[in-house]
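Geometric and topological summary
Listed below are the residues making up each chain.
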Amino acid sequence: MSRLNNVILDQLFNHTSIRHFQNKALTADQVTTLVEAAQHASTSTFSQQYSIVSVTDPAVKQQLAEITGHHWLVNSGHYFVMVADQYRNLQIAQANNADPYILHTTDKFLASVFDVAVATQTILIAAESMGLGGTIMGSILNDSKRVIELLDLPELTFPLLGLAIGYPADKPEIKPRMPQPAMHFDGSYKLPADFNAQLADYNQTVSDYYGSRSSNGRDESFSHHIVAELGRGHDVRKELLQTIRDQGFLVN
Ligand SMILES: Cc1cc2nc3c(=O)[nH]c(=O)nc-3n(C[C@H](O)[C@H](O)[C@H](O)COP(=O)(O)O)c2cc1C
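Below: a short report on this structure. (Residues numbered from 1 in each chain as written. Predicted model: local features only at pLDDT ≥ 70, side-chain atom pairs only at ≥ 80, totals over all residues. Heavy atoms only, no water.)

1. Remarks on the pattern of salt bridges
For the structure shown, the criterion picks out six salt bridges. As a salt-bridge pair, R146 and D143 come within 4.0 Å of each other at their nearest N and O atoms. Residue D143 is classed as partly exposed on the basis of its relative accessible area of 28%. With a shortest N-O distance of 3.3 Å, K145 and D246 are connected by a salt bridge. With a gap of 101 residues between them, K145 in helix 6 (residues 144–150) and D246 in helix 9 (residues 240–246) connect regions that are remote in the sequence. Through salt bridges with shared partners, one network takes in E66, D143 and R146. (Salt bridge = Lys/Arg side-chain N within 4 Å of Asp/Glu carboxyl O. Buried < 20%, exposed > 50% of the residue type's maximum accessible area, 1.4 Å probe, protein only. Helix = DSSP H or I, 4+ residues; strand = E, 2+ residues; numbered from the N terminus.)

What follows is the structure in structure tokens.
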């Protein structure tokens, strides 16, 4: 079997995260267009339970650079913070004397997470279609409390992802993904019988990719990468659950 092709698929198959930018700001029209693309994405129960904060103040960008460790975000053309948001719907509930309890539940927090994820990827795809590029940043979770303060986020909101967008200053090689039989199953979950052999091949592919790529090359297979991630330890971002609860989420 082979994959199909069209203009959109070509773009998707050529995606790479961009971390080096030309020092050139996006125009207001570009930003409006990207936000509109996000707004047209699917949204759980049509509740539109996310918000987007554009960070333009250089001092705030600098603080986010420190929190994430990604100092290159300062040179991006535009920086978005993607926020889980049930606060806006809380206002609607209160204005209608409706019980807002459900907005505090895990179910609704997850719905916000889904909305943010879908909207974030949609912005990235839209940006790439405009000749731009960018990187999604979970690393704003390194210090959620500080991000909440920096952006004045009210209860029932939570900053989930950063998104740096801009004019690419490099063209990284495409990162190879794992073979489909290891992640796409027919009918029920079943790793292939030759999973270890497939993984060995994939490890070689990833090692070759890291070994030969033009910047930041290193000796690392996929298995090495996963084990290194495990090595980040048990207490990484250990405040996270409490901070999410402090924002009014996850009451049950
Ligand atoms: C939810 C999420 C969080 C991410 N967080 C970061 C991040 O904090 N820093 C970063 O440099 N890249 C981050 N990335 C980008 C991934 O590292 C990147 O997508 C992955 O390595 C695959 O590379 P590619 O996007 O170039 O194909 C994130 C991606 C996702 C989907």
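2. Digging into the site of the ligand
Surveying the vicinity of the ligand reveals 14 residues, the closest of which are H15, S17, H70, K175 and R177. Between S17 and the ligand, the recorded distance is 2.6 Å, taken from a side-chain N or O atom to an oxygen atom. Between the ligand and the protein, one listed contact pairs an oxygen atom with a side-chain N or O atom of R177 at 2.8 Å. Taken by itself the ligand offers 610 Å² of open surface, and the protein chains cover 65% of this. Top element by residues in the shell around the ligand is strand 3 (residues 133–137). It accounts for three residues. The class makeup of the residues in the shell around the ligand is four nonpolar, seven polar and three charged. (Near = heavy atom within 4 Å. Polar contact = N/O pair within 3.5 Å; in protein donor to acceptor, adjacent residues only side chain to side chain. Areas by Shrake-Rupley, 256 points an atom, 1.4 Å probe, with all protein chains shown as cover. Nonpolar A, V, L, I, M, F, W, Y, C, P; charged D, E, K, R; others polar.)

3. Quick word on the packing of helix 2 (residues 28–39) against helix 5 (residues 106–129)
At a minimum axis distance of 8 Å, the contact between helix 2 and helix 5 shows a crossing angle of 135 degrees. Classified by the interaxial angle, the pair formed by helix 2 and helix 5 is oblique. Seen along the crossing, helix 2 lies across helix 5 with a hand that is right-handed. Across the interface between the two elements, L34, A37 and A38 from helix 2 touch A119, T122, I123, A126 and A127 from helix 5. For the contact of helix 2 with helix 5, a count of residues per class yields seven nonpolar, one polar and no charged. (Axes fitted to C-alpha atoms, helices over the stretch in contact; angles between N-to-C directions. Parallel < 35°, antiparallel > 145°, perpendicular 65-115°, else oblique. Left-handed = near helix turned anticlockwise from the far one by under 90°. Contact = heavy atoms within 4.5 Å.)

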